[in-house]
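Coordinate analysis (summary)
One-letter residues, chain by chain:
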Amino acid sequence: MRLRTLTALTGALTLSLLTGCAKGDSTGASASTVTYWLWDANQLPAYQACAKGFETENPGLKVRITQLGWSDYWTKLTAGFIAGTQPDVFTDHIQKFGQFADLKVLEPLDDLDIKESDYQPGLAANWIGQDGHRYGAPKDWDTVALFYNDKMAKSAGLTAEQLGSLSWNPEDGGTFEKAIAHLTVDRNGKRGDEPGFDKNNVKVYGLATNGGGFADGQTQWSPFTGSAGWSYTDKARWGTKYQYDSNTFQSVVNWYFGLAKKGYLAPFSDYNIQSNQANTQVAAGRAATAFDGAWMISTYDGFKGRDIKSAPTPIGPSGKRATMMNGLADSITKASRNKAGARKWVAYLASDECQRAVGAYGVVFPATPAGTEAAVAAYEKKGIDVSAFTQAVADRKDFRTFSFPITDYAADVQALMQPEMEAIYGTGKPVSSLDETNDQINLILDQ
Amino acid sequence: MTVASSSPPSRLPLSGAEAVAPSRKAKARPGGDGALAAVFIAPAMLGFLVFLLWPTLRGIYLSFTRFNLLTPAEWVGLDNYVRMVNDPIFWDSLKVTVEYVVINIGIQTVSALAIAVLLQRLTQSAVLRGIVLTPYLMSNVVAGLVWLWILDTQLGIGNEIISAVGLDRIPFLADETWAIPTIALINVWRHVGYTALLLFAGLQAIPNGMYEAAKVDGASEWRMFWRITMPLLRPVLAVVLIMTVIGSFQVFDTVAVTTAGGPANATNVLQYYIYGSAFGRFQFGYASAMSVALLVVLSAITVLQYRLTRAGQSDLG
């Protein structure tokens, strides 16, 4: 009798453990709830406000927002796709889009009738897959600019006007190189452009390091390769050939990483994605300037005791300034348990109403022009001049904007390019080695 | 009477229990304890089957497929293994992993042995044993992050001190030469206390009388270490080595939080490469093939270690 009881108890316990594993559902999905994931903690209050507006307009529907840090976000999302615990709607990144579209985990959004003209140029078009279907509704955009420590600039005798009109070329670096050389100071107080400058004992670098830049160089080399007229691939979207073997690209990269050899750009060894990114170097007073994205405006503004301002990217050999213009979107998962509610929520997220509400928080530039205006006004209210970021969108004559490369096998391209760019930057590997890497990448794309 | 007085006292209760057991057993279950044993084993067996055996078998099967987790696996025969053999990054990862294991296990084992012997020969303090174990109480990720901040080239307190004494800053985790030894030493710091306690437990089993006899014969501590401690500790040391080598080959978390495989793949250990291939590039078939290769390598090393160190035999009486 005892044995039988024990057997029954063990069986019940095991069964409960197994069913517990199988039925565990962290999404809380139901017909009246829409689950939504985003990664930027700064944006959480803004989207909570947007969700409130949505819930008022759609009685009976609730939005449950989950915020996860960047790395955990993608790991958990991947696991969610596999285990069936994915959210109904999630913030999507263009670099992941190709892979998700390929894995067929996204729901087409053609019926939402997203009009390209309702959003800042180029944002809506990026989210159309190779099959012609739309998989993302534009939510925001960002560009890159040069953040600088105003006190350091002033003590170097550089005015805002001078920093706002820098130009560069891959031969002598132009006024941009001269400026960052002048902003560089060694342990003995000598500036980078003064005789006797000790490049091995630099106290303040003219330009902070943000690492090797992976395959895109968004906040590293892309303002330069872009303004030299180079493009990642043979086509603006869904390219079939990468162009890292181009002479233009290689000469720009050679010059850019060469700045570290001269002591003006912080060396690769100073960079760590966890502990020491470019913004940390500026905050610590170890670098005078840094290229960084619009999503970092509030972060740089919050550095205590540092008066940080921003200038547009320098003018390149093409005669234009250049910046990556990246836009996020909201996507619905194919296995969503509440597709009807998810569609309503995504349509609302993409509307002027929500984007104005988000813009009013002054943490991100929403994708619609009205949302962008609301954000600019909110930043102004905080005393932050964001024109270095918005000019790129407003002034198409003097600026070239480009997107992240949109191709298949983006993760493979990253995996091949990351160590290559780190080796060129960190150990001085010849830039011509990119020819072979480019061949490998194009071989993968040919599959 | 004679038998009882010559037996060690600790055996007495057991002898008593043995004396009582047959009559009870015969009375309760003539068929033996098989069914009861099965019930007790069931939870562990279920865990073994569900979480170990099944994933292993499925992993081996997946290594012969192209599989992205979200669509059905497609049989590709030996393609993944052919790709692995021709993949320079795989061989580089294996080399980096071996380099890590050699530094990590080499320094850790020698240090742990030294600490264990000192603990045994010099002190019986439980507080000291507790202190030795302290780093092990910290999670690998936390230990990795703490050391990452201490060793940061520009901002770390470690490099501030190095710079303050007039030396050049050392890019511990950002330089291709320094990165693997640094990660190996971070893990030595975390695991050495635990390993030392395992060895210390082994040392406790060596009868004190042997050391006393050796002392009477005029043997030095150094001689006693080589002639008594090492030979008698060998089976324990062998098991500890097998366990730590297997653990060392599976290094992942410290790499993930400190260097993410960089700089320029200098710390792209095999487990990290497998993880990146599976969860970053959705190449679960290829990742499974590399996992099977790791399993084979570890099995071979374990068998070799077992044989070489005669781990199953004791020199003690």
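Residues numbered from 1 in each chain as written. Chains lettered and ligands numbered in written order. Predicted model: local features only at pLDDT ≥ 70, side-chain atom pairs only at ≥ 80, totals over all residues.

**So, the nonpolar core**
Core analysis: the largest hydrophobic core is formed by 187 residues, its most contacted members being Trp345 of chain A together with Leu199 of chain B. Ranked by residue count, the leading element in this core is helix H5 (residues 88–122) of chain B, at 11 residues. Viewed by domain, this core spans two of them, domain 1 (29–141 + 327–385) and domain 2 (144–324 + 409–445) of chain A, each represented by three or more residues. Setting aside anything within four residues of it in sequence, one finds leucine 199 of chain B in contact with Ala112, Leu113, Ala116, Leu233, Val236, Leu237 and Val240 of chain B. (Core = buried A, V, L, I, M, F, W, Y, C linked by C-beta atoms within 7 Å. Buried ≥ 20, exposed ≤ 12 C-beta atoms within 10 Å, placed from the backbone. Helix = DSSP H or I, 4+ residues; strand = E, 2+ residues; numbered from the N terminus. Domains from an automatic or database assignment. Contact = placed C-beta atoms within 7 Å.)

**Observations regarding the packing of helix H11 (residues 221–249) of chain B against helix H14 (residues 284–309) of chain B**
Residues and elements named next belong to chain B. Interhelical geometry of H11 versus H14 gives an angle of 165° and a closest axis separation of 10 Å. One element, H11, and the other, H14, form an angle in the roughly antiparallel class. The two elements H11 and H14 cross, and the hand of that crossing is right-handed. On H14, the residues that touch Arg234, Ala238, Leu241, Ile242, Val245, Ile246 and Phe249 of H11 are Leu294, Leu298, Ile301, Thr302, Gln305, Tyr306 and Thr309. Each residue belonging to the contact of H11 with H14 can be placed in one class, and the counts come to 10 nonpolar, 3 polar and 1 charged. (Axes fitted to C-alpha atoms, helices over the stretch in contact; angles between N-to-C directions. Parallel < 35°, antiparallel > 145°, perpendicular 65-115°, else oblique. Left-handed = near helix turned anticlockwise from the far one by under 90°. Nonpolar A, V, L, I, M, F, W, Y, C, P; charged D, E, K, R; others polar.)

**Quick notes on the interface of chain A and chain B**
Contacts between chain A and chain B engage 33 residues on the former and 31 residues on the latter. Counting residues per element, the side of chain A that touches chain B draws most heavily on helix H16 (residues 410–427) of chain A, at 8 residues. Grouping the constituent residues of the side of chain A that touches chain B by class yields 14 nonpolar, 15 polar and 4 charged.

**Remarks on the sheet that holds strand S8 (residues 202–207) of chain A**
Residues and elements named next belong to chain A. Read from one edge to the other, the open sheet built from 5 strands follows the order S7-S8-S9-S6-S10, with strand pairing classed as mixed. On the outer flanks of this sheet lie strand S7 (185–186) and strand S10 (308–311), each paired with one strand and no other. Direction of pairing for strand S6 (residues 144–149) relative to strand S9 (residues 287–293): antiparallel, over a ladder of 5 bridges. Each residue of the ladder has a partner; that of alanine 145, found in S9, is aspartate 292. (Pairing = 2+ DSSP bridges.)

**Description of the sheet that holds strand S3 (residues 89–92) of chain A**
Residue and element names in this part refer to chain A. The sheet built from 5 strands is open, its strands ordered S2-S1-S3-S12-S4 with mixed pairing. Bordering the open sheet on either side are strand S2 (62–67) and strand S4 (137–138), each of which pairs with just one other strand. One ladder, built from 2 bridges, connects strand S1 (residues 33–38) with S3; its direction is parallel. Note that in S3 the partner of tyrosine 36 across the bridge is valine 89. Its contacts with the sheet place helix H2 (residues 44–57) against S1 and S2, and it is angled at close to 170° to S2.

**A short note on the UniProt feature "domain: ABC transmembrane type-1" (unreviewed entry) in chain B**
UniProt marks residues 94–305 of chain B with the feature "domain: ABC transmembrane type-1" (unreviewed entry), using the numbering shown here. Each end of residues 94–305 of chain B is marked by a C-alpha atom, and these two atoms are 19 Å apart; helix forms 75% of the span and strand 0%. (UniProt positions renumbered as here; feature names shortened; annotations may be inferred.)

**Some words on the UniProt feature "transmembrane region" (unreviewed entry) in chain B**
Residue and element names in this part refer to chain B. The feature "transmembrane region" (unreviewed entry), as annotated in UniProt, sits at residues 34–54, 100–119, 131–150, 232–252 and 284–304 in this numbering. Segment residues 34–54 splits into 100% helix and 0% strand. End C-alpha atoms: 25 Å apart. Secondary structure content for residues 284–304 is 100% helix and 0% strand, and the end C-alpha separation is 30 Å.

**Looking at the confidence of the model for chain B**
All names here are of chain B. Looking at chain B, the pLDDT average stands at 88 and 88% of residues meet or exceed 70. Confidence scores differ between elements of chain B, with helix H1 (residues 2–6) showing the lowest mean pLDDT of 36 and helix H4 (residues 79–85) the highest of 97. Overall fold confidence for the complex sits at a pTM of 0.86, while the interface term, ipTM, reaches 0.83. (pLDDT = per-residue confidence, 0-100.)

**With respect to unusual backbone geometry**
Residue and element names in this part refer to chain B. In this structure, the amide linkage connecting glycine 262 to the following residue, proline 263, adopts the cis form with an omega of -10°. In this fold, proline 263 is placed in the loop between helix H12 (253–258) and helix H13 (270–280). In this model, phenylalanine 282 sits at a positive phi of 55°, which is unusual for a non-glycine residue. With respect to the helices and strands, the residue phenylalanine 282 is situated in the loop between H13 and H14.

**Focus on H16 of chain A**
All names here are of chain A. Counted at 1.5 Å a residue, the expected span for H16 with its 18 residues is 26 Å, and the 25 Å between its end C-alpha atoms agrees. Of all 18 residues making up H16, 16 are buried, and the element is well covered by its neighbours. Positive phi shows up at glycine 428, right after H16, with a value of about 75°. (Expected span 1.5 Å × (residues − 1).)

**Overview of the environment of alanine 322 of chain A**
All names here are of chain A. Its place among the elements puts alanine 322 in strand S11 (residues 321–324). The sequence separation of alanine 322 and proline 312 amounts to 10 residues, and the corresponding C-alpha distance is 8.9 Å. Excluding its chain neighbours within four sequence positions, the residues that come into contact with alanine 322 are Pro223, Gly226, Ser227, Thr313, Gly316, Phe399, Arg400 and Phe402.

**What about the environment of isoleucine 206 of chain B?**
Residue and element names in this part refer to chain B. With respect to the helices, strands and loops of the structure, isoleucine 206 is situated in the loop between helix H9 (179–204) and helix H10 (208–216). The exposure class assigned to isoleucine 206 is partly exposed, which follows from the 17 C-beta atoms found within 10 Å. Spatially, the C-alpha atoms of isoleucine 206 and leucine 232 are 6.8 Å apart, while their sequence positions differ by 26 residues. Contacts of isoleucine 206, omitting those with residues within four sequence positions, involve Ile228, Thr229 and Leu232.

**Quick notes on the domain arrangement of chain A**
Residues and elements named next belong to chain A. The domains assigned to chain A are domain 1 (29–141 + 327–385) and domain 2 (144–324 + 409–445). Centre-to-centre separation of domain 1 and domain 2, based on C-alpha positions: 30 Å. Listed by partner, the interface residues are 12 residues for domain 1 and 9 residues for domain 2. Ranked by residues supplied to the side of domain 1 that touches domain 2, first place goes to helix H4 (residues 94–103) with 3 residues. The residue makeup of the side of domain 1 that touches domain 2, split by class, is 5 nonpolar, 6 polar and 1 charged.

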